[in-house]
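Chain residues, written in single-letter form:
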Amino acid sequence: MKRKRLVVLTGAGISAESGLRTFRGNDGMWEHENIEDVCTPDALRRDPKRVKDFYNFLRKGLPEHAPNAAHIALAKLEERLGDEFLLVTQNVDDLHERGGSKRVLHMHGDLMKLRCTKNEHEFEFTGEETLDTKCPICGSPVRPDIVFFGETPLYMDEIQEALMNCDEFAYIGTSSVVYPAAGFKSFAKSYGAKVTCLNLEAPYGDPYTDVVIQGKATEVVPKWCEEFK
């Protein structure tokens, strides 16, 4: 029997269970920094050191947080499905990768990478970015590989193609109300995909969601992954 093609979208809820604060929630990152000061193109031009220091702080803290059961379960499901599986995440942490996932697209960027400002080269980075850090490929100035407010999310063409061709789309740990990610479920469904939500809060009355599994990601995702056929 042909394997199902699955696209999974994950949001802050899956990382929150590993102890990572969300950006928008209570006691989130934006409670301690103004968005305009650390997450806009203007902020980077106005005070690049402050912006870089903010993401250095976040990057430095990542090793304190371990992948949880939901991250690991998704990685095991990827092993089973192979190329028929794609994980799209709104998160900028590396918990999916450390949990074993390989086919991951960080649509909002990746804390463990930097991007050059001239040629858009991306490269792995685990240290502390300074004003003197340069792209190892072309020598250009660099910036955090983070999608700032007002910028277009990454990998949208690849994501759109995957959504057009998947048999099932699942969104996990995200309310799926912020665009463009909020449009993924309706787009996938318009091409015939089954849509499943696994989230702490259920999207009642959502016409695009076929199945709702309510609960903590660490509790509901492993069971769903194990039963996925």
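Procedures and definitions
- Residues numbered from 1 in each chain as written.
- Predicted model: local features only at pLDDT ≥ 70, side-chain atom pairs only at ≥ 80, totals over all residues.
- Heavy atoms only, no water.
- UniProt positions renumbered as here; feature names shortened; annotations may be inferred.
- Core = buried A, V, L, I, M, F, W, Y, C linked by side-chain atoms within 4.5 Å.
- Buried < 20%, exposed > 50% of the residue type's maximum accessible area, 1.4 Å probe, protein only.
- Helix = DSSP H or I, 4+ residues; strand = E, 2+ residues; numbered from the N terminus.
- Contact = heavy atoms within 4.5 Å.
- Pairing = 2+ DSSP bridges.
- Axes fitted to C-alpha atoms, helices over the stretch in contact; angles between N-to-C directions.

In the annotation of an unreviewed UniProt entry, the entry for the protein reads NAD-dependent protein deacylase, and the organism field reads Fibrobacter succinogenes. The record held by UniProt for the protein lists under Catalytic activity (unreviewed entry) the comment "N(6)-acetyl-L-lysyl-[protein] + NAD(+) + H2O = 2''-O-acetyl-ADP-D-ribose + nicotinamide + L-lysyl-[protein]". The UniProt entry for the protein carries this comment under Sequence similarities (unreviewed entry): "Belongs to the sirtuin family. Class III subfamily."

Chemist: Please set out the nonpolar core residue by residue, giving values where relevant.
Modeler: L6, V8, L74, L77, I172, V221 and W224 are the most contacted members of the largest nonpolar core, which totals 20 residues. Mapped by element, the contributors of at least two residues to this core are β1 (6-10), α5 (69-81), β2 (85-89), β7 (168-172) and α9 (217-227). Among residues more than four places away in sequence, those in contact with L6 are L77, L81, E84, F85, L86, E168, A170, W224 and F228. Counting 18 residues, the second largest nonpolar core, distinct from the first, contains V7, L105, F184 and V195.

Chemist: Can you break down the sheet that holds β2 residue by residue, with the values?
Modeler: Strand order across the open sheet formed by six strands is β3-β2-β1-β7-β8-β9, with parallel pairing between neighbours. The open sheet has two free edges, formed respectively by β3 (104-106) and β9 (211-214), since each of these has just one partner strand. Adjacent strand axes in the sheet meet at a mean angle of 15 degrees, parallel and antiparallel pairs treated alike. Pairing geometry for β2 and β3, over three bridges, is parallel. Counterpart to T89 in the pairing with β3 is H106. Against the sheet, α9 contacts β1, β7, β8 (194-199) and β9, and its axis sits at roughly 160 degrees relative to β7.

Chemist: Outline the pairing of β1, listing residues and values.
Modeler: Along β1, five of the five residues are buried, which leaves the element largely enclosed by surrounding structure. Of the two faces of β1, the one holding L6, V8 and T10 and the one holding V7 and L9 are both buried throughout. The pairing of β1 with β2 spans five bridges and is classified as parallel. Looking at the pairing, V8 lines up with L87 of β2. Note that β1 and β7 share five bridges and pair parallel. Paired with L6 across the strands is E168, a residue of β7.

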